[in-house]
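Summary of structural features
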Amino acid sequence: MRTTAQLLTILFVCLAGCWLLDREVGSRPTLISGEIVDWGTGQPAPYTDVRIARLNFSQVVARTDKRGQFAFSGPKGPGVYFLFAGSPRYGRLLQTTFGQTIVAYRAGQHIRKVVIPAIPATELSGHVYATDGHPLSGCNVSGFTPDNSDSHKSVELQARIAQAFTYHIAQADDPNKFIEVETDRTDSHGAYTFKRLGADRYFVLARCLEPGTGGENSPFSWEPTAYPQENSIATAQQIVLLPGEHRSGIDLRMQRKRSYVLEGKVMFSDHSAPKPWPQAIYGHDLQMFRSDRALTSTWIGQEACDWNANAGAIRCHSLFPGTYTLYFDISGGPGAFHMQTQFAEVSYTIRSTAKQLPLMVQLHNVPESRYLELKTGSSGTLDLRKVCESAEEGRPAIQVLAWGHGHAGGACYYMTFRNDTRLPLPEDKYIVNAFEAAFVPRHSSYLGENSKFEALLMQHGISVHIRDGQTSEPNLPVASTEEQINTALDSLRSAR
């Protein structure tokens, strides 16, 4: 009996000790330490901010020392962190922020030797002049880049609903998509500077207004110009910025030409007149672009238009001869909540005559349902067990993407935690790619970024045919952080 009592006492002490130890460890914060490496020099980056991504914003959590090393305490308990080097010294590559995804599986865990890649920031500057050489101030200058993403891949295959693109028809009509990255306004010397573009390929477009009038009452206007002196992106010069590159002397020269004004009326679908303000307030939008999209469907490519929804009157000014497409969108607000959303797309040709014929626009009802059920049809399963089993604790996290007629993906740390590495997919052919989570894929991005690099990455991968009722378990190579960055850099160097 004495021996039994001693054994029970020892067992109790052990259990109590384990409980106290677990409680003590569980109360400790997660510790993360490592270094930032400058991808231009290959050397540690001293005195650089370490940022952590949160929902729709980021915050500084640490700063590297003179050796480029950092350490910080995260929240208590398990967690997932995306860490990256902060501006102004470092920026994006192909509109993507590269960093490192860190997974803390246990409370009080210390994660060491984290390596965060840092892409040196870029800069681009120049001037806007008139053809006689005098500088133009107050001009909007925009740097934008081709968008190589595929709209068919934007459908999330795991979602039950997808929003209809009624309000994105203006951009959807453009065969050549662009991403507007940064805009600046010229100073008194006609100078502009871009510091947030990042390494990528760009076009530069300038649009100037008549001083003091906004161009509304002037019979002449400055023709929008793409660098170096073109009125179309098709003939403009592309500028390639590699990491750390500073380009100056990107100057544009503007021509002042005869311009015209378009006026017209907008009628509701039932031919009724809108209510005057303040009886009703309407939510409305009008976008006008050159039909050939020579100036892109970005903000700076839009023409200057006003639409007084309560009066049903439109007025567009500073227009040059050519054909334009106008997109109207209106919905009911206070005093008109009962009104169904209405839309119209019309074409109009501006001619070299002093007076343009008025434009009469008939709106059409838009179906009330703005959501469409995804019809996936027959489905099979992609099992990511093999690639997820290769993910080691304390090593970079692994993510997998599958692209077919839509996209789907999974993070190994999450799938392993659920103890289910299976990904149900509609029957289709897919390109499947596994990679270290050195960037945040667009469909799960906290940073509000686009899919340019994701589309480039998915040009490589393993082809998998998902068949109805069958499971595919491919052996996937895992693209390292270095390989991903080199893929992006190679695409830029080839554009030189």
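Located above this text is the structure these notes cover.
Structural notes, computed from the coordinates. Quick caveat, the model's predicted, so the values are computed rather than measured.

Conventions adopted
- Residues numbered from 1 in each chain as written.
- Predicted model: local features only at pLDDT ≥ 70, side-chain atom pairs only at ≥ 80, totals over all residues.
- Heavy atoms only, no water.
- Pairing = 2+ DSSP bridges.
- Helix = DSSP H or I, 4+ residues; strand = E, 2+ residues; numbered from the N terminus.
- Disulfide = S-S within 2.5 Å.
- Buried < 20%, exposed > 50% of the residue type's maximum accessible area, 1.4 Å probe, protein only.
- Polar contact = N/O pair within 3.5 Å; in protein donor to acceptor, adjacent residues only side chain to side chain.
- Contact = heavy atoms within 4.5 Å.
- Phe/Tyr/Trp six-rings, centres within 6.5 Å; stacked < 30°, edge-to-face > 60°.

As for the sheet that holds strand β26 (residues 342–350)
Pairing is antiparallel in the open sheet, where 4 strands are placed in the order β22-β25-β26-β28. Edge strands, defined here as strands with exactly one partner in the open sheet, are β22 (282–290) and β28 (364–365). The sheet contact formed by strand β25 (residues 322–332) and β26 spans 9 bridges and is antiparallel. From the neighbouring strand, D329 faces β26, where its bridge partner is F343.

A word on the state of the cysteines
Tallying each qualifying case throughout the model produces 3 disulfides. Put simply, C139 and C208 are joined by a disulfide, and their sulfur atoms are 2.0 Å apart. In this structure the cystine formed by C139 and C208 twists about its S-S bond by roughly 110 degrees; its chirality is therefore right-handed. Note that C139 is positioned in the loop between β9 (123–130) and β10 (140–146) and C208 in the loop between β14 (200–207) and β15 (220–222), a separation of 69 residues in sequence. For the residue pair C139 and C208, the accessibility class agrees, reading buried in each case. Between the sulfur of C388 and that of C412 lies a disulfide, 2.2 Å long from S to S. An S-S torsion of about -80 degrees defines the bridge between C388 and C412 as left-handed. Here C388 is found in helix α3 (residues 385–389), whereas its partner C412 is found in helix α4 (residues 412–418), with 24 residues between them in sequence. Neither C388 nor C412 differs from the other in exposure class; each is buried. For the protein chain, numbering the cysteines in disulfides from first to last along the sequence yields the connectivity 1-2, 3-4, 5-6.

Description of the side chain of T298
One can find T298 in the loop between β22 and β23 (305–308). There is a polar contact of 2.8 Å between the side chain of T298 and the side chain of T296. Each residue touching T298, except ones within four places of it in the same chain, is listed here: F178, E180 and F289.

Some points on the packing of aromatic side chains
The tally for this structure, following the rule as stated, stands at 11 aromatic pairs. When the centroid spacing of 6.0 Å and the interplanar angle of 80 degrees are considered together, the rings of F178 and F203 count as edge-to-face. Note that F178 is positioned in strand β12 (residues 178–185) and F203 in strand β14, a separation of 25 residues in sequence. Take F178 and F203: they sit in the same class, and that class is buried. Between Y192 and F194 the ring centres are 5.2 Å apart and the planes differ by 50 degrees, which places this aromatic pair in the tilted class. For the pair shown, Y192 and F194 are each scored as buried. An aromatic cluster of three or more residues is present, and its members are F98, F435, F439 and F453.

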